[in-house]
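Chain residues, written in single-letter form:
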Amino acid sequence: MKHQIPMLILSAVGTLLVVSVFVPSAQHWGEDATLYFDIIAVFAFFLGGGNLIRVHTEKVSHKSAGWIYSVVTLLGFGIMLVTGLFKIGNPNGIAGDLSKSGSYFQLLFQYVMSPLNSTMYALLAFYVASASYRAFRAKNTEATILLVAAFVILLGRTALGVLLTNWIPAQLSVLQIPNLAIWIMNAPNLAGQRAIMIGISLGVISMSLRLLLGIERTYLGGDS
Amino acid sequence: MIALLRVAKFVVSLCSLLFIVSFLPGQSVYSQDTASSVNNLPPITVKAYDTENDAGSSITVEWSDPGYWRREGFNGYRLSRKNVASGIEDSLDVLPTGHVLHEDRSVSDDSSYTYTLAVLINGANLTSTSTEVVRSSKQWFDNRLTWVLILGLIICGAVIYFIESAKRGTKLFLRRIAGLEAIDEAVGRATEMGRPILFIAGIQDMDDVQTIAGLTILGSIARTVAEYDTKINMPVCTSLVMTAARETIKHAYVTAGRPDAYNDDMVRYVTNEQFGFVAAVDGIMVRERPAACFLLGAFFAESLIMAETGNSIGAIQVAGTAMPAQLPFFVAACDYTLIGEELFAASAYLSGEPRQLGSLKGADVGKAIAMIVILVGVIATTIASAWNSESMLWIENLLRQMFSTG
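> What should I look at first to understand the overall build of chain B in this one?
A count of helices and strands for chain B gives 12 helices and 14 strands. Look at the contacts in chain B between residues 6 or more apart in sequence, and 66% of them connect residues 24 or more apart. Surface accessibility of chain B: about 20,100 Å² in total, with carbon and sulfur atoms responsible for 58%.

> Just to check I follow, could you spell out the sheet that holds strand S12 (residues 292-298) of chain B for this structure?
For sheets, the rule is that strands pair by backbone hydrogen bonds, running either parallel or antiparallel. Residue and element names in this part refer to chain B. Here 6 strands make up an open sheet; going across it, the order is S11-S10-S9-S12-S13-S14 and the pairing parallel. Where the open sheet ends on each side, the last strands, each with one partner, are strand S11 (267-269) and strand S14 (336-339). Put simply, the sheet's adjacent strands are angled 15° from each other on average, direction ignored. In the sheet, S12 pairs with strand S13 (residues 316-321) via 5 bridges, with the strands oriented parallel. Residue Cys293 lies in a different strand from S13, and its bridge partner there is Gln317. Those strands touched by helix H4 (residues 178-193) are strand S9 (197-202), S12, S13 and S14, and its axis lies near 145° from that of S14.

> I keep staring at the interface of chain B and chain A and nothing clicks. Help me out?
You'll often see interface size given as the accessible area lost when the parts meet. With 77 residues of chain B in contact, the opposing surface of chain A contributes 56 residues. Together chain B and chain A conceal approximately 5,400 Å² of surface at their shared face, both sides included; 70% is due to carbon and sulfur atoms. The tally of links between chain B and chain A comes to 2 salt bridges. The shortest N-O distance in the salt bridge between Glu308 of chain B and Arg134 of chain A comes to 2.2 Å. Between chain B and chain A we count 15 residue pairs in polar contact (both at pLDDT 80 or more) in total. The biggest single contributor to the side of chain B that touches chain A is helix H6 (residues 239-255) of chain B, with 10 residues.

> Honestly, helix H3 (residues 67-85) of chain A in this entry has me stumped. Any pointers?
Side chains three or four residues apart in an α-helix point the same way, a direct result of the helix having 3.6 residues per turn. All names here are of chain A. Taking 1.5 Å of rise per residue, the 19 residues of H3 would be expected to cover 27 Å, and the 27 Å separating its terminal C-alpha atoms lies within 8% of that figure. Turning to H3, its buried residues number three or more, namely Ser70, Thr83 and Gly84. Elements in contact with the buried residues of H3: helix H2 (27-61) and helix H4 (104-135). Directly after H3, the chain includes Lys87, whose backbone phi takes a positive value near 50°.

> Looking at this structure, I do not really get the pairing of strand S2 (residues 59-64) of chain B. What am I missing?
In regular strands, side chains alternate between the two faces of the sheet. Direction of pairing for strand S1 (residues 45-50) of chain B relative to S2 of chain B: antiparallel, over a ladder of 6 bridges. Paired with Asp50 of chain B across the two strands is Ile59 of chain B, which belongs to S2 of chain B.

> What's the story with the nonpolar core in this structure? I'm lost.
For soluble globular proteins, the rule of thumb is that nonpolar side chains tend to be buried together. Counting 56 residues, the largest nonpolar core has Leu215, Met234 and Phe294 of chain B as the members making the most contacts within it. A per-element tally of this core places helix H5 (residues 209-228) of chain B first, with 10 residues. Once residues lying within four places of it in the same chain are set aside, the contact partners of Leu215 of chain B are Thr218 and Tyr219 of chain A together with Ala201, Met206, Met234, Val241, Ala244, Ala245 and Thr248 of chain B. Grouped together as the second largest cluster of nonpolar side chains are 29 residues, Ala131 of chain A together with Ile200, Cys237 and Val278 of chain B included.

> What is the right way to read unusual backbone geometry from this model?
When glycine is set aside, most residues are seen to have a negative phi, and most peptide bonds are trans. Residue and element names in this part refer to chain B. Positive phi, close to 50°, is recorded for Asn53, a residue that is not glycine. By secondary structure assignment, the location of Asn53 is in the loop between S1 and S2. Here Ser57, not a glycine, exhibits a phi torsion of approximately 55°, which is positive. Checked against the element boundaries, Ser57 lands in the loop between S1 and S2. Judged by its relative accessible area of 31%, Ser57 falls in the partly exposed class.

> Help me understand the sheet that holds S1 of chain B in this model?
Residues and elements named next belong to chain B. An order of S1-S2-S5 is seen for the 3 strands of this open sheet, with the pairing classed as antiparallel. Edge strands, defined here as strands with exactly one partner in the open sheet, are S1 and strand S5 (101-104). Strand-to-strand twist of the sheet, defined as the mean angle between neighbouring strand axes without regard to direction, takes the value 20°. Strand direction decides the pairing type here: S2 and S5, joined by 4 bridges, are antiparallel. Its bridge partner being in S5, Thr60 is matched across the sheet by Glu103.

> Explain the side chain of Asn53 of chain B to me, please; I cannot follow it from the model alone.
Among the residues examined, Asn53 of chain B registers a relative accessible area of 11% and is labelled buried. For Asn53 of chain B, the side chain forms a polar contact with the main-chain nitrogen of Asn143 of chain B, separated by 2.8 Å. Non-local contacts of Asn53 of chain B, meaning those with residues more than four positions away in its chain, are made with Pro24 of chain A together with Gln139, Phe141, Asp142, Asn143 and Arg144 of chain B.

> Mind showing me how you'd approach the confidence of the model for chain B here?
Where the model shows low pLDDT, its predicted coordinates should not be examined in detail. All names here are of chain B. When pLDDT is averaged across chain B, the result is 87; 90% of the residues are at 70 or more. Long-range and interchain partners of residues 17-36, a stretch whose pLDDT sits below 50, account for 8 contacts in this model, where long-range means more than four residues apart. For this predicted complex, the interface confidence score (ipTM) comes to 0.90, while the overall pTM stands at 0.84.

> Could you clarify how one ought to interpret helix H1 (residues 4-22) of chain A in this entry?
Helix length check: H1 of chain A, at 19 residues, gives a terminal C-alpha distance of 28 Å against a target of 27 Å (1.5 Å per residue), a fit within 8%. Those residues of H1 of chain A that fall on the buried side of the exposure criterion are Met7, Ser11, Gly14, Ser20 and Phe22 of chain A. In this fold, the buried residues of H1 of chain A make contact with H2 and helix H7 (177-212) of chain A together with helix H3 (146-167) of chain B.

> I tried to follow a nonpolar patch on the surface on my own but got confused; where do I start?
All names here are of chain A. A cluster of nonpolar side chains, Leu81, Val82, Leu85, Phe86, Ile88, Ile94, Tyr104, Leu107, Tyr111, Val112 and Leu116, forms an exposed patch at the surface whose accessible area comes to about 1,100 Å². Among the elements that make up the nonpolar patch, the one with the highest residue count is H4 (5 residues). Given a relative accessible area of 33%, Ile88 falls into the partly exposed group.

> Can you help me understand the state of the cysteines in this one?
Working definition: the covalent bond between the sulfur atoms of two cysteines is a disulfide. Residue and element names in this part refer to chain B. This model, assessed by the stated rule, comprises 0 disulfides over all chains. With no disulfide of its own, Cys293 has Cys334 as its nearest cysteine by sulfur position, at a separation of 8.4 Å. On the basis of relative accessibility, which here comes to 1%, the residue Cys293 falls in the buried class.

> Looking at this structure, how should I read the domain arrangement of chain B?
Assigned domains within chain B: domain 1 (36-135), domain 2 (144-169 + 356-402) and domain 3 (178-352). In this structure, domain 1 of chain B and domain 2 of chain B have C-alpha centres spaced 43 Å apart.

> Can you help me understand the packing of aromatic side chains in this one?
How two aromatic rings sit relative to each other is given by the distance of their centres and the angle of their planes. All names here are of chain B. Taken as a whole, this structure holds 9 aromatic pairs over all chains when the rule is applied. On the numbers, 5.1 Å between centres and 70° between planes, the contact of Phe74 with Tyr77 is edge-to-face. Judged on exposure class, the residue Phe74 and its partner Tyr77 are both buried. Chaining the aromatic ring pairs together yields one cluster made of Trp63, Phe74 and Tyr77.

> Sorry, what's going on with the packing of H5 of chain B against H6 of chain B here?
Two quantities define a packed helix pair, namely the angle between the axes and the distance from one axis to the other. Residue and element names in this part refer to chain B. Packing of H5 against H6 leaves a shortest axis separation of 8 Å and a crossing angle of 35°. Crossing geometry of H5 relative to H6 is assigned as right-handed. Note on element contacts: H6 touches H5 through Val241, Ala244, Ala245, Thr248, Ile249, Ala252, Tyr253 and Thr255, opposite Thr211, Leu215, Leu218, Gly219, Ala222, Arg223, Val225 and Ala226.

Reading guide: rules and limits
Residues numbered from 1 in each chain as written. Chains lettered and ligands numbered in written order. Predicted model: local features only at pLDDT ≥ 70, side-chain atom pairs only at ≥ 80, totals over all residues. Heavy atoms only, no water. Helix = DSSP H or I, 4+ residues; strand = E, 2+ residues; numbered from the N terminus. Contact = heavy atoms within 4.5 Å. Areas by Shrake-Rupley, 256 points an atom, 1.4 Å probe, with all protein chains shown as cover. Pairing = 2+ DSSP bridges. Axes fitted to C-alpha atoms, helices over the stretch in contact; angles between N-to-C directions. Buried area = accessible area lost by both parts, 1.4 Å probe. Salt bridge = Lys/Arg side-chain N within 4 Å of Asp/Glu carboxyl O. Polar contact = N/O pair within 3.5 Å; in protein donor to acceptor, adjacent residues only side chain to side chain. Expected span 1.5 Å × (residues − 1). Buried < 20%, exposed > 50% of the residue type's maximum accessible area, 1.4 Å probe, protein only. Core = buried A, V, L, I, M, F, W, Y, C linked by side-chain atoms within 4.5 Å. pLDDT = per-residue confidence, 0-100. Patch = residues over 30% accessible without salt bridge, like charges linked within 9 Å, V, L, I, M, F, W, Y side chains within 5 Å. Disulfide = S-S within 2.5 Å. Domains from an automatic or database assignment. Phe/Tyr/Trp six-rings, centres within 6.5 Å; stacked < 30°, edge-to-face > 60°. Left-handed = near helix turned anticlockwise from the far one by under 90°.

This is the structure we're talking about:
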C-alpha cells in the first residue's frame, strides 16, 4: 500500500496532465493539479525547516567541526522568520503588506540577501574563466576545433573582429569574423542544440511512460 | 554682408509663401482626411465566430478596416454586444489603432449574441452593421495538436511495444554510457580514500522529471555506497526531494543488507534559495572534500560554480542534466557528463531490467522518425526554393504544419 497509493496518484495526475494539453475544457484540471502540488510543497516546507533547525542545533550542542557556521545559519533563519512572521517594523503593522518598503523583512532582503546572492552569482565570472582555460586547451582535434570556434565567436563579438576583417569585399562578407561568429552560432551550434533537445524530449517521453506505467519506482523507495 | 542679407530675405520670403500656401484649401497634407473622404470609404466589415480550440465562453470578433484608422481624429473602435434573447446591449471596449480582432471572454455558452463595431472619428460614430447571431461553445479537442497527438501516440506505442517485447525475452542492445560505468570507480575511490560521496539532485522540486531521474540514479549509487560501506552526503534545496531521497537511500541500504548503516542525516535540507544553496554546497565540498561528486538533475546558473569547486578539490565528478545551456559547463568541469537523454536512460541502464531497457528502444523509434523528417525536410526545402517545385513546397508546408503547435 505504501507504494501503490502514490503510484495510483501519480498515474492519475500524470494522465490528467497529458489529457489537459489536448482537451481545452480540461485545461483547468491540469492547472488545479499543479496547484495541489504547490499546496503539498508548502506543507512539506515545515519538514525542511524542522530538519535544518535539528541538524544545526545538534552541531552547535555537540560543538562539531564548523559549529560556528551553524550558529550563523540558525541566527539567519530565526531573524528572517521572526521579522517576516510578525512583520516587525512594517509601516502598516501586522495587517500590512510585507513587501512594502521600510519593513525590516524587506530591508534584510534588500541589504543582506540580495548582495549575498549577487556575490555568489558574480563568482561565476571567475569560474567561467578557469573552466574555459581548461576546456580550450588544444589537446586533440575536437578540442582544437572548439578552441578555434570559441576564438572566432569571442573575436566576432568585439570591435576588433570588425576592424580586422571589414576590408573583405561584400561578395565574401561571410568570411568577415562577425558574420562567421553568427554563422557558427546559427548553424552548427543551433543544429547541435536542437539534436540535444530532440533527444531530451524523447527521453522525457520514455521516462514519463515508465513512471505512468509504474515500471520506474526507485524514487518511491522501491525496486525499479 | 549684402549677399548674406539677400539670402536671408529669400529664405524669409520662401517661408512666408509656404505658410500662405499651407492655408489654401486642398493643399494641406491633412486636408484630404476630411469627413467627406471618410464617408467615401466602404463600410467596415465585422464578423463574429466561436473562438476555436477553447473551453467555451469566448467569441472572437474580427473586422477589416478599409482605412478609417488613417483618418485625422481617429479615436479607436468601440465594440458593442447585444444579447439576442434579452435584448440587453453592452458597450465592451474601446480598442486603439492596430486592433483588428477582439476576444470577448465575458459571454455565456447558453446565450446568443450579435456584435456591432463603431469607428470613432472626431466624436462621430460610424457604426457597422450587426454581425450574424453567434454562440460560444467548448471544444473537446484542440485541433492544432492533432499531429502532436499522432506523433505522440506513435512514439508511446513504440515504447510500449518494446517494453512488451523485452518482457517476452527479446535481447536488446544498449550502448555503453561512460558516465554510468564510472559510478563503481568513483564510489570505490571514495572508499579507498575514506572520504564521503556528495550527491546533488539539482535545484528543482519533485515536479521536475530531471529531479526524478536524478533520484533513480541515486538509488543505484546508494546501493553501491552501502555495499562499499562509504558515507553519502546529500544536501537538498526542497523538502519534498529530501523526503523522497531519504526513502530512496533507505531502500538501497535495506536492499544491500545494511539497514543499520542508514541514517536520516545523510540527506539534509539547506535552503530553497538558489545561490544560498550553492554557497552551502561549495562550503561542504571545501570542508569535507568528498572524493566523488554526482550532480544529476536540473541545474541553472549554479552548475559551473558547483562543478568548478568540485574540480578544485580533485573529486571525480559525474554530472548530468537536460538543460542544454548548462551542458557545456559540465563538459568543461566534470570527468563524465550525461548529456540530455542519457540522464533519463540512466535508471534503465543501471537496473538492466528488460522492461526499462525496452522503453529506451521505443524512444529510438522517435529518433528514427526525427532523422527521416529532418532529411525529407531539408531535401524538400532545398528543391522547393531552388526549382520552385509545387510538390516539394507542399511537403515542406505539411512538415511545418506537423511540428507546429500554434
